[in-house]
Amino acid sequence: VVTITEGAKLDVPVHLVFVSDLAEPASVTVRNRIDIGRGARCTIIESHVALGAAERQTNAVTEVVVGDGATAVHVKLLAEGPRSMHLGTSIVTLGRDCIYRPVQLTESPALARNQSFVAFEGEGALFDFKAASLVRDHEHADTTLVIDHKVPRCTSREHFKTVLDGEAQAV
C-alpha cells in the first residue's frame, strides 16, 4: 500500500520494483494499492523484472485512487523476458478535476495481457493513457481499456505505439 498524503508534492518518483529470480517455473502474484490524496502531485514507477531463465507467470493487480485535484503519472514497465507471461489488471478511480497519466511499456514477453478498468467519479478529470510495446518472434502483447464516464465533462485519451518483429502479435 502506497499513500501519497493530501497536498504532497513529490520531487522524486516512488519506484515499486518487483524482481523474480527463478531457477524453476513458478507463478508470481503481486497486489498494490496506491492512494493519491487530494491535490497531491507524484510520479509512480512500477517495474516488473525477471532474472533467471525459468518460465514464469506474473499476476499483478494494482488499484489506484486519484483524489480530487491530484496529478499523477504512473509508469508500468514490463521487462520480464521471453519466457514470461504477465497478466496485469489496473483498477482506477478518478476524482474531480484530477489528472492521471498512465504510461505502459512492454518489452518482449512471451505473453502480456494488461487490462485497465477506469471509473470517472468526479467531473473535470483527465485520463491520458500512453503505451509502447516491443514484441518479436512469436510473442503476444495486448491491452484492454474499459473506461466508465460516470459523470460529464471528463476526458479520456489513449495513444499506442507498437513495434512487431517476426510473427509477433499485438492487440
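Residues numbered from 1 in each chain as written. Predicted model: local features only at pLDDT ≥ 70, side-chain atom pairs only at ≥ 80, totals over all residues. Heavy atoms only, no water.

Novice: It is not clear to me how the overall build of the protein chain should be interpreted in this structure. Could you clarify?
Specialist: Tallying secondary structure elements over the protein chain gives 0 helices and 13 strands in all. Secondary structure of the protein chain in N-to-C order comes out as β-β-β-β-β-β-β-β-β-β-β-β-β. Scaling as 2.2 N^0.38, a compact globule of 171 residues should have a C-alpha radius of gyration of about 16 Å, and the protein chain matches this with 16 Å. Counting only C-alpha atoms and orienting by the principal axes, one finds that the protein chain spans roughly 45 × 30 × 25 Å. (Helix = DSSP H or I, 4+ residues; strand = E, 2+ residues; numbered from the N terminus. Rg over C-alpha atoms; globule rule 2.2 N^0.38 Å.)

Novice: What should I look at first to understand the sheet that holds strand 12 (residues 155-164) in this one?
Specialist: Consider a sheet: its strands pair through backbone hydrogen bonds, and that pairing is either parallel or antiparallel. The 6 strands are arranged 2-4-6-8-10-12 in an open sheet whose pairing can be described as parallel. Among the strands making up the open sheet, the edge pair consists of strand 2 (14-21) and strand 12. The average undirected angle you get between the axes of adjacent strands in this sheet is 10 degrees. Direction of pairing for strand 4 (residues 41-51) relative to strand 6 (residues 71-79): parallel, over a ladder of 9 bridges. Of the residues in strand 6, the one forming a bridge with Ser47 is Leu77. (Pairing = 2+ DSSP bridges. Axes fitted to C-alpha atoms, helices over the stretch in contact; angles between N-to-C directions.)

Novice: Can you walk me through the nonpolar core in this structure?
Specialist: What tends to happen in soluble globular proteins is that the nonpolar side chains get buried as a cluster. Core analysis: the biggest nonpolar cluster contains 24 residues, and Ile36, Val66, Leu94 and Tyr100 have the highest contact counts within it. For this core, the secondary structure elements donating two or more residues are strand 1 (2-4), strand 3 (26-36), strand 4, strand 5 (56-66), strand 7 (84-94), strand 9 (111-120) and strand 10 (126-135). Filtering out sequence-adjacent residues up to four positions away, Ile36 remains in contact with Ile4, Cys42, Val64, Val65, Val66, Gly67, Ala70 and Ala72. Formed by 5 residues, the second largest nonpolar core is a distinct cluster that contains Leu78, Val135, Ala141 and Ala168. (Core = buried A, V, L, I, M, F, W, Y, C linked by side-chain atoms within 4.5 Å. Buried < 20%, exposed > 50% of the residue type's maximum accessible area, 1.4 Å probe, protein only. Contact = heavy atoms within 4.5 Å.)

Novice: Help me understand unusual backbone geometry in this model?
Specialist: Trans peptide bonds make up most of the peptide bonds, and negative phi angles are found at most residues other than glycine. Even without a glycine there, the phi angle at Asp97 is positive, about 55 degrees. Along the chain, Asp97 turns up in the loop between strand 7 and strand 8 (99-107). Given a relative accessible area of 42%, Asp97 falls into the partly exposed group.

Novice: Before we go on, may I ask you to explain the sheet that holds strand 13 (residues 169-170) in this structure?
Specialist: An order of 1-3-5-7-9-11-13 is seen for the 7 strands of this open sheet, with the pairing classed as parallel. In this open sheet, the two strands that pair with only one neighbour each are strand 1 and strand 13. Where strand 7 lies against strand 9, 10 bridges are found, and the strand directions are parallel. Each residue of the ladder has a partner; that of His86, found in strand 9, is Ala112.

Novice: How should the packing of aromatic side chains be read in this particular structure?
Specialist: Two numbers describe a pair of aromatic rings. These are the distance of the centres and the angle of the planes. One pass over the structure, following the stated rule, counts 3 aromatic pairs. When the centroid spacing of 6.2 Å and the interplanar angle of 25 degrees are considered together, the rings of Tyr100 and Phe127 count as stacked. One end of the pair, Tyr100, is in strand 8; the other, Phe127, is in strand 10, with 27 residues separating them in the sequence. The same class applies to Tyr100 as to Phe127, namely buried. Its relative accessible area of 1% is what places Phe127 among the buried residues. Connected via pairs of aromatic rings, a cluster forms that spans Tyr100, Phe127, Phe129 and Phe160. (Phe/Tyr/Trp six-rings, centres within 6.5 Å; stacked < 30°, edge-to-face > 60°.)

Novice: Help me out: how do you make sense of a nonpolar patch on the surface in this one?
Specialist: On the surface, Val17, Val19 and Leu51 cluster together into a nonpolar patch covering about 250 Å² of accessible area. You can see Val19 is positioned in strand 2. (Patch = residues over 30% accessible without salt bridge, like charges linked within 9 Å, V, L, I, M, F, W, Y side chains within 5 Å. Areas by Shrake-Rupley, 256 points an atom, 1.4 Å probe, with all protein chains shown as cover. Salt bridge = Lys/Arg side-chain N within 4 Å of Asp/Glu carboxyl O.)

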